[in-house]
Amino acid sequence: MGMDFSTLRTLISRYCVGEENWVDSRTIYIGHKEPPPGTEAFIQQRYPDNRIVSSKYTFWNFVPKNMFEQFRRVANFYFLIIFLVQLIIDTPTSPITSGLPLFFVITVTAIKQGYEDWLRHKADNSVNQCPIHVVQHGKVVRKQSRKLRVGDVVFMKENETFPCDLILLSTSRDDGTCYVTTASLDGESSHKTYYAVQDTKAFNTEEEVDSIHATIECEQPQPDLYKFVGRINIYMDNEPVARPLGSENLLLRGATLKNTEHIYAVAIYTGMETKMALNYQSKTQKRSAVEKSMNAYLVVYLCILISKAIINTALKYVWQADSNRDEPWYNDRTDTERQRHIVIRAFTDFLAFMVLFNYIIPVSMYVTVEMQKFLGSYFIMWDDEMFDEELGERAVVNTSDLNEELGQVEYVFTDKTGTLTENNMEFIECCVDGHVYVPDVICNGQVMPGATSMDMIDTSPGPGAREHEELFFRALCLCHTVQVKEEETVDGIKHGIHQGKSTSFYISSSPDEVALVEGMKRLGFTYLRLKDSHMEILNREDEIERFELLEVLTFDSVRRRMSVIVRSTTGERYLFCKGADSSIFPRVVSGKVEQVRARVEHNAVEGLRTLCVAYRPLSPEQYQEVCHLLNGAKLALHDRDKRLAEAYDVIEKDLILLGATAVEDRLQEKAADTIESLHKAGMKVWVLTGDKMETAAATCYASKLFHRNTQILELTTKRTEEQSLHDVLFDLSRTVLRQHGGMARDTFSGLSGDCTDYGLIIDGATLSAVMRPSQEDSNSGNYKEIFLEICRNCSAVLCCRMAPLQKAQIVKLIKASEEHPITLAIGDGANDVSMILEAHVGIGIMGKEGRQAVRNSDYAIPKFKHLKKILLVHGHYYYIRISELVQYFFYKNVCFIFPQFLYQFFCGFSQQPLYDTAYLTLYNISFTSLPILLYSLIEQHINMDILKKDPSLYRDIAKNSLLRWRIFIYWTILGVYDAIVMFFGAYFLFDNTTFTSNGQMFGNWTFGTLVFTVLVFTVTFKLALDTHYWTWINHFVIWGSLIFFVVFSLLWGGIIWPFLNYQRMYYVFMQMLSSGPAWFSIILLITASLLPDVLKKVICRALWPTTTERIQNADKLYKGHLSEFTPLASLHAPPKAGGHRRGSGNQRNAPNPRRSEPFSKKIMFTRWQRTPDYSTFTPLLRFADGSRFSKQGHAYSGAGPETSV
Amino acid sequence: MVKQEREIGNRPDNTAFTQQRLPAWQPMLSAGIVIPGFVLIGLAFIGIGVALFVTSRSIQVLEMDYTGVEPTSPCFRCSDPDVKNCVCNLAFNIDTLFKGPVFFYYGLSNYFQNYRKYSVSKDDDQLSGDLDNFESPSDTCSPYETVGSVPIVPCGSIANSMFNDTFKLYQIVNGNEKLVPFDGKGIAWWTDYNVKYRNPSVTPLKNAFNNTVKPISWPKPAYELDTSDAANNGFINQDFLVWMRTAALPDFRKLYRRITEGDYAKGLPAGNYTLKIAYNYPVLSFQGRKMVVFSNVSWMGGKNEFLGIAYLVVGSMCVFMSIVMLIVYAKFKFPEED
């Protein structure tokens, strides 16, 4: 639970290859004092100073380095090449035409990056120059932070932020502890306790600290924030005392001292070697599916470009075979040109054609896409609906590159705890030897009346049981890592007011523990504090009991348990252990295992989180042995974790079972509704959890992942014990496939409504068996395939007992499967980081388990329910927007360049450009760029509310449907058609006639300008036709850019530009506008270009409407009030939505997901027991409807009927 | 307290823009709008088309090839490149009054004025009267930049290849040739004549051309292009300006003269005419053709049936499509109807 960072560790260690080559450890002399002679000589190492450099560039290397990085991008490089070609050879267009846009793009990017880097420099400077207090020669001296050296002893005051990684020596508190918040590192705002080494904690003035004579040996810096091994050798009377150092002694750079007056600590990692700096790694770049299609299209266009150039070059030489055409008398070549070899000439021509047509690949598309993504992502951050009042948090976008991917998700992998559930733990009950205690009902351990009906419970606790009960409560009060935070210490004024009142509260990194300790408080045992290694408990008789805390065997997710060793005032030593049932029961030697197990299982079915508690009395000899084991492991510098785990394994055995606890984790608000929506949107939702199968399954039912009619398939250890994995897999696949075939038949006969859907439950162990690479037989390699086949046919999959890495494995498996579906992983804890990084889109929930997930995610949202809006609304919009953007960009460039290609046939393939330089340059960057950018920012083809109400609209864009080749080809053909209309329209109009009433003739530039004018208007109108959402900004930008074009043309042709060496555009545009036929032909050609597209739209909309279009029509009809009049389901295209509409009505109407549906539990139970007898009511279930839940009922109203339409 | 502040600080702005709820007009291309729209556009286009077509029909054009390829052609003798200073007479007859003003064009075909190298082969600075560029023309003019080391003015291929056939039109009245007066003013763009092309401000103009040579193919230097009108010389000679505006397509016409004066202000009356052509310009080497064209214009320019026909076609397509859509509409019943 939240404490497992092994995944993070592995992930981070990925970035640090070569770590092995370092010297294994470093030795630090505290206060730079040499160790007394005779001790081992250490190699002095060089350490960096404490300067933090997060900036990428310096003033000097900015230009070359930034240029290098920018030109590493393929698109920029391509345009650079074109630009260079233009500079070197004699090309039809001036280098400005590609140089200016390129310069523009590069400059904008460079300015942006430069500004960001300047900010980083500023931040670095302020950090590096901030004053730090260092102890030198018994005095506190101020130093700049960057001058801090390894070995310096630092004096820190409350609320100061640590300048480097420090080992705590002593604090102002007597017990040598200090409190620290690591909010800036991992977002956990709770105060964590750090400890000074016992032998140095007494040195708490400058002079005393200065007299410490010690060396620290520790590992070389590594990025894992939560791992540190080291050893401190303290020379007292020249006799070194070695003490272990762990992460509890290490204060990290970036953390802040809290609730502690001052501390002394010694710097061990400085500057870029601090853990924070080592964690400053950028994540691997994820690329969206849209980007991939974009690149594919780009390749197509590149091929078109090259083939165009080749065709033209070839035709040119065929055509020029006649020397009179090659070189008519009026167009003589220079001598140098004549002497050039034909191959060189042909190659130069080829390059010239490439340059002429290069605009078909739009440089500005990349800029526009990037701007669209960057600016568009603000809409996610700005979304008020995704703001959570309670947390005061709004959605965060860490990567704007993936906005459109949110509209493409096919698989959702969600964590359970903290994601589906609130991670707001509430103690429900505990059970000691089968006696159930419920805190709400009683205050003095009286057995709850409702429970007496359960025959397995012994209602009369004997004296032995009494003893166990006491032990159990104490065990829970002692076996935890909860801290008590006293309000008084925070605010001095409050101290006076609240004196006498207990204002303390519990803090822990695990909310379960807090719930347990609070539950104990309600049952009469209050944990007061940990003082001088003594834990104080206020028992039911209001007496304070003190236990000395001897050892803490910390929790880890492999063992799934933790223990403490305490000594009571009477001198008995106990080991208390609490953990998951599966990790406790095998180690239990006595106790009422059966009763407790029954209760645990029952609670698990209810969706409660259960923990078992056991103890073991330790004799002094045993304790000695334990101490020996632990110390041995703790002092190890290598493999300390492994050795500790081995030691724990030996110590935590021969336990006596005391009882079990049940803690409830409520479902998050609207979790069920969200999951239902995702299902309707065609996404497959998988729950991946480390929790028990029963608990997880219950949550799945509650959150509507499984329905009442879901047939559960099991792939668990339990089953694979009975049958071989092979058989089970084949069995399941047969079941699924049979049903699948049946379903197809059913759809024909119209009985599709009855078919069941499947839910699969798999556990971690079985999964690893499935995933295990084939060893002896090649058969096992197919397991993955079969497993995938089964999964594909299941509407929901629950993976329980998952290790964090397994979560990532699953995601990877699905990602790599044939269809390459787009995956999304959502989670809140550190254990979800691996899957968040693995999935195409990673979403972090700002949960209670720190900020690990949020930091590593692409998007972070406050609550699970916000997933609905971010996918169904934002994702959908982004996808629609960007796909139009991409298609439109290619389209408008085909329209742009194809006439120029056609013109080559009429100018002797001489690479004569059709348009003027200014038009070539500005077409993409100013005449046609803003409307599409704006479209791609604010287009809404359907109202937001409809998208939210009707998730199935999401299916319309599934599988990158708007960027399929078919659609791409349509756009391209449309572009070619428009180009042909424009070019030949102008051609026939210019055919040997005059356009003016004064008989004057127009030249080639008027011809080009006519085509260009039609072009700009056509592509802009085409976009206007595609725009469904006309805000004033759209009007402004669309009409504005047309007006800009006209004004620019008037201006460009209106003046003799002094800096130009040609004046070919002078008055061309105005002359054109002064001619009537030009106006007529512009209108005609625009209309003719747009007609087919309009026609296609109307016909398609009439004959083969998509769901989206039906809803658009309906919405139009009801003037935007669709939701109030029409059930949306009736509008769906029958074949598309049919299979999924089934039963949606009653699902919607079901008011409450969980407790009010005893049915769901019944069926769930019978399925597990593989008895299809629906009438079996187990006594447990009657209990479930019993009095207890009527009291609890109110708590669930939050997940109420918000789904109703 | 602190938390509350943070909440306010972090809360997104609740404006219509940030929440993507700006008021918007949401048009839909549904049949209900498109069908009537198509009908309207179609009818309007047909109307315009008819008007344009009728107008175009009323324009008279007389086109005559005088290249002299066929031996029967009056200019056959002149088409031999060895014959110099050849004049041929092209006789033709007009049946009905050729309504004025009549425009007289020369046309060239298979002549690529839009060759890239050709169309840039001039020096705009020189042509705007910059004396520096008289001394050193832009290298875009090559190979007609210099002769030896003496600069060519005006330089470049375009100027060098200027059309130099001249025409004189006579009406045969009672067996006598009566000169039809040509108006050579205003055949080039006003801006070309008045702004873009400038002679250097040197008087006499001839002095500006000291130390330069005339283009190789030219019989006379630029300052002697029009001996009759001093203001029509140098770079602002109308014929020169017309030539310098390069044509878009390989078959092109250029305005040569207008017939607007005297007895012919109303047009060319029916009768016999002779066009005396001073045949200088070689086109046969590149299979080119030369022709002369008499044409009058309407409000929409010269004769061009394409525009009218295109309007008619697009207009009737619109109407036809709207009928098709109406059928589809009726037959398949649009979903919103049920």
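Residues numbered from 1 in each chain as written. Chains lettered and ligands numbered in written order. Predicted model: local features only at pLDDT ≥ 70, side-chain atom pairs only at ≥ 80, totals over all residues. Heavy atoms only, no water.

Participant: Could you give an account of the UniProt feature "transmembrane region" (unreviewed entry) in chain B, naming the residues involved and the relevant values?
Facilitator: Residue and element names in this part refer to chain B. When the UniProt feature table is mapped onto this chain, "transmembrane region" (unreviewed entry) is found at residues 33-54 and 309-330. End C-alpha atoms of residues 33-54 are separated by 32 Å, and the span's content is 100% helix alongside 0% strand. Annotated as residues 309-330, this span is 100% helix and 0% strand, and its ends, taken at the C-alpha atoms, are 31 Å apart. (UniProt positions renumbered as here; feature names shortened; annotations may be inferred. Helix = DSSP H or I, 4+ residues; strand = E, 2+ residues; numbered from the N terminus.)

Participant: Mind laying out empty space enclosed by the protein, listing which residues take part and the relevant values?
Facilitator: Residue and element names in this part refer to chain B. Tallied over the entire structure, the rule returns 13 cavities of 30 Å³ or more. By volume, the largest cavity is sized at about 240 Å³. Breaking the lining of the largest cavity down by element, the ones donating at least two residues are α9 (238-244) and β9 (252-259). Sorting elements by how many residues they give to the lining of the largest cavity places β9 first, with 4 residues. By residue class, the composition of the lining of the largest cavity is 14 nonpolar, 4 polar and 5 charged. (1 Å grid on protein atoms, 1.4 Å probe; cavity = no way out; pocket = protein on both sides within 12 Å on 5 of 7 lines; lining within 4 Å. Points joined across faces, edges and corners; volume = space filled by probe spheres on them. Nonpolar A, V, L, I, M, F, W, Y, C, P; charged D, E, K, R; others polar.)

Participant: Account for the domain arrangement of chain B, naming residues and giving values.
Facilitator: Interfaces are often described in size by the accessible area the parts lose on coming together. Considered domain by domain, chain B is made up of domain 1 (31-59 + 299-333) and domain 2 (66-296). Between the C-alpha centres of domain 1 of chain B and domain 2 of chain B the distance comes to 41 Å. (Domains from an automatic or database assignment.)

Participant: With reference to specific residues and values, describe the sheet that holds strand β10 (residues 239-245) of chain A.
Facilitator: Residue and element names in this part refer to chain A. Pairing within the open sheet is antiparallel, and its 4 strands lie in the order β1-β8-β9-β10. Looking at which strands have only one partner, the edges of the open sheet turn out to be β1 (25-29) and β10. In this sheet, adjacent strand axes meet at a mean angle of 20° when their direction is disregarded. Inspection of the sheet shows β1 paired to strand β8 (residues 214-219) by 5 bridges, in the antiparallel sense. Paired with Tyr 29 across the strands is Thr 215, a residue of β8. (Pairing = 2+ DSSP bridges. Axes fitted to C-alpha atoms, helices over the stretch in contact; angles between N-to-C directions.)

Participant: Lay out unusual backbone geometry with the relevant residues and their values.
Facilitator: All names here are of chain B. At the junction of Gly 100 and Pro 101, the peptide bond is cis and its omega measures out at -5° in the coordinates. Positionally, Pro 101 belongs in the loop between β3 (98-99) and β4 (102-109). The residue after Ser 142, namely Pro 143, is reached through a cis peptide bond having omega 10°. Of note, Pro 143 is situated in the loop between α5 (131-135) and β5 (146-147). Look at Asn 85: it is not a glycine, yet its phi comes out positive at around 45°. With respect to the element layout, Asn 85 can be found in the loop between β1 (61-65) and β2 (86-94).

Participant: Tell me about the nonpolar core, and name the residues and values.
Facilitator: A:Phe1012, B:Phe167, B:Leu169, B:Trp243, B:Leu268 and B:Phe294 are the most contacted members of the largest nonpolar core, which totals 201 residues. When residues of this core are assigned to their parent elements, the largest contribution, 17 residues, is made by helix α31 (residues 866-904) of chain A. If sequence neighbours within four positions are ignored, B:Leu268 has contacts with B:Ile94, B:Thr96, B:Leu97, B:Phe98, B:Val102, B:Leu169, B:Val180, B:Ile259, B:Tyr273 and B:Phe294. Membership of the second largest hydrophobic core comes to 50 residues, among which are A:Leu406, A:Leu678, A:Met693 and A:Ile938. (Core = buried A, V, L, I, M, F, W, Y, C linked by side-chain atoms within 4.5 Å. Buried < 20%, exposed > 50% of the residue type's maximum accessible area, 1.4 Å probe, protein only. Contact = heavy atoms within 4.5 Å.)

Participant: Which residues make up the state of the cysteines, and what are the values?
Facilitator: All names here are of chain B. With the rule as written, the count across this model stands at 3 disulfides over all chains. The disulfide bridge from Cys 75 ends at Cys 88, spanning 1.9 Å between sulfur atoms. The S-S bond linking Cys 75 to Cys 88 shows a torsion near 75°; that makes this disulfide right-handed. In this pair, Cys 75 is assigned in the loop between β1 and β2 and Cys 88 in strand β2, connecting sequence segments 13 residues apart. (Disulfide = S-S within 2.5 Å.)

Participant: Quick one: what's the story with the confidence of the model for chain A, residue by residue and with numbers?
Facilitator: All names here are of chain A. Summing up the model confidence of chain A, the mean pLDDT is 79 and the portion of residues at 70 or higher is 82%. Below pLDDT 50 for its whole length, residues 1-22 participates in 42 contacts with residues either more than four positions away or in separate chains. Note on residues 488-502: pLDDT is under 50 here. Beyond four places in sequence and across chains, it has 7 contacts. (pLDDT = per-residue confidence, 0-100.)

Participant: Describe the sheet that holds strand β4 (residues 153-157) of chain A, naming the residues involved and giving the relevant values.
Facilitator: All names here are of chain A. Here 6 strands make up an open sheet; going across it, the order is β3-β2-β4-β13-β5-β11 and the pairing antiparallel. Edge positions in the sheet fall to β3 (139-144) and β11 (250-251), since each has one partner strand and no second. Note: strand β2 (residues 131-136) against β4, 3 bridges, orientation antiparallel. Counterpart to Val 134 in the pairing with β4 is Val 154.

Participant: Quick one: what's the story with the domain arrangement of chain A, residue by residue and with numbers?
Facilitator: The domain boundaries assigned to chain A delineate domain 1 (148-279), domain 2 (387-419 + 668-737 + 756-772 + 781-862), domain 3 (424-442 + 465-666) and domain 4 (874-1119). One C-alpha centre belongs to domain 1 of chain A, the other to domain 2 of chain A; they are set 40 Å apart.

Participant: Report on the interface of chain A and chain B, specifying residues and quantitative values.
Facilitator: Contacts between chain A and chain B engage 105 residues on the former and 92 residues on the latter. Overall, the association of chain A and chain B removes approximately 8900 Å² of surface from exposure, summing both partners, and the carbon and sulfur fraction of that is 60%. Where chain A touches chain B, the interface holds 5 salt bridges. Summed over the shared surface of chain A and chain B, the number is 32 residue pairs in polar contact (both at pLDDT 80 or more). The element contributing the most residues to the side of chain A that touches chain B is helix α39 (residues 1076-1103) of chain A, with 16 residues. Among the residues forming the side of chain A that touches chain B, the class breakdown is 49 nonpolar, 35 polar and 21 charged. (Buried area = accessible area lost by both parts, 1.4 Å probe. Salt bridge = Lys/Arg side-chain N within 4 Å of Asp/Glu carboxyl O. Polar contact = N/O pair within 3.5 Å; in protein donor to acceptor, adjacent residues only side chain to side chain.)

Participant: So what's going on with the environment of A:Tyr954? Residues and values would help.
Facilitator: All names here are of chain A. With respect to the element layout, Tyr 954 can be found in the loop between α34 (944-949) and α35 (965-989). For the pair Tyr 954 and Asn 398, spaced 556 residues apart in the sequence, the C-alpha separation amounts to 24 Å. Apart from residues lying up to four places away in sequence, Tyr 954 is in contact with Leu 406, Gly 407, Gln 408, Val 409, Ala 681, Met 683, Leu 871, Leu 872 and His 876. From its side chain, Tyr 954 meets the backbone oxygen of Gly 407 in a polar contact 3.4 Å long.

Participant: I'd like to hear about helix α10 (residues 305-332) of chain B, residue by residue, with values.
Facilitator: Spanning 28 residues, α10(B) covers 40 Å between terminal C-alpha atoms, matching the ideal 40 Å at 1.5 Å per step. By the burial criterion, the buried members of α10(B) are B:Leu307, B:Gly308, B:Ala310, B:Tyr311, B:Val314, B:Gly315, B:Cys318, B:Met321, B:Ser322, B:Met325 and B:Val328. Those residues of α10(B) that are buried lie in contact with α35 and α39 of chain A together with α2 (31-57) of chain B. By the N-cap criterion, in which a side-chain oxygen at the helix start approaches the backbone nitrogen of a residue two or three places on, α10(B) is capped by B:Asn304, the distance to B:Phe306 being 3.1 Å. (Expected span 1.5 Å × (residues − 1).)

Participant: For a nonpolar patch on the surface, give the residues involved together with the corresponding values.
Facilitator: A grouping of A:Met371, A:Phe374, A:Leu375 and A:Tyr378 is seen on the molecular surface, where their side chains present a nonpolar patch of about 320 Å² in accessible area. Turning to its location among the elements, A:Met371 is positioned in helix α12 (residues 363-382). (Patch = residues over 30% accessible without salt bridge, like charges linked within 9 Å, V, L, I, M, F, W, Y side chains within 5 Å. Areas by Shrake-Rupley, 256 points an atom, 1.4 Å probe, with all protein chains shown as cover.)

Participant: Go over the pairing of strand β30 (residues 757-763) of chain A, please, and point to the residues and values.
Facilitator: Residues and elements named next belong to chain A. The buried fraction of β30 amounts to 7 of the 7 residues, a majority that puts the element mostly inside the structure. The alternating pattern of β30 places Asp 757, Gly 759, Ile 761 and Asp 763 and Tyr 758, Leu 760 and Ile 762 on opposite faces, both of which are buried. Bridge analysis of strand β29 (residues 710-715) against β30 gives 6 bridges, and the strand direction is parallel. Paired with Ile 712 across the two strands is Gly 759, which belongs to β30.

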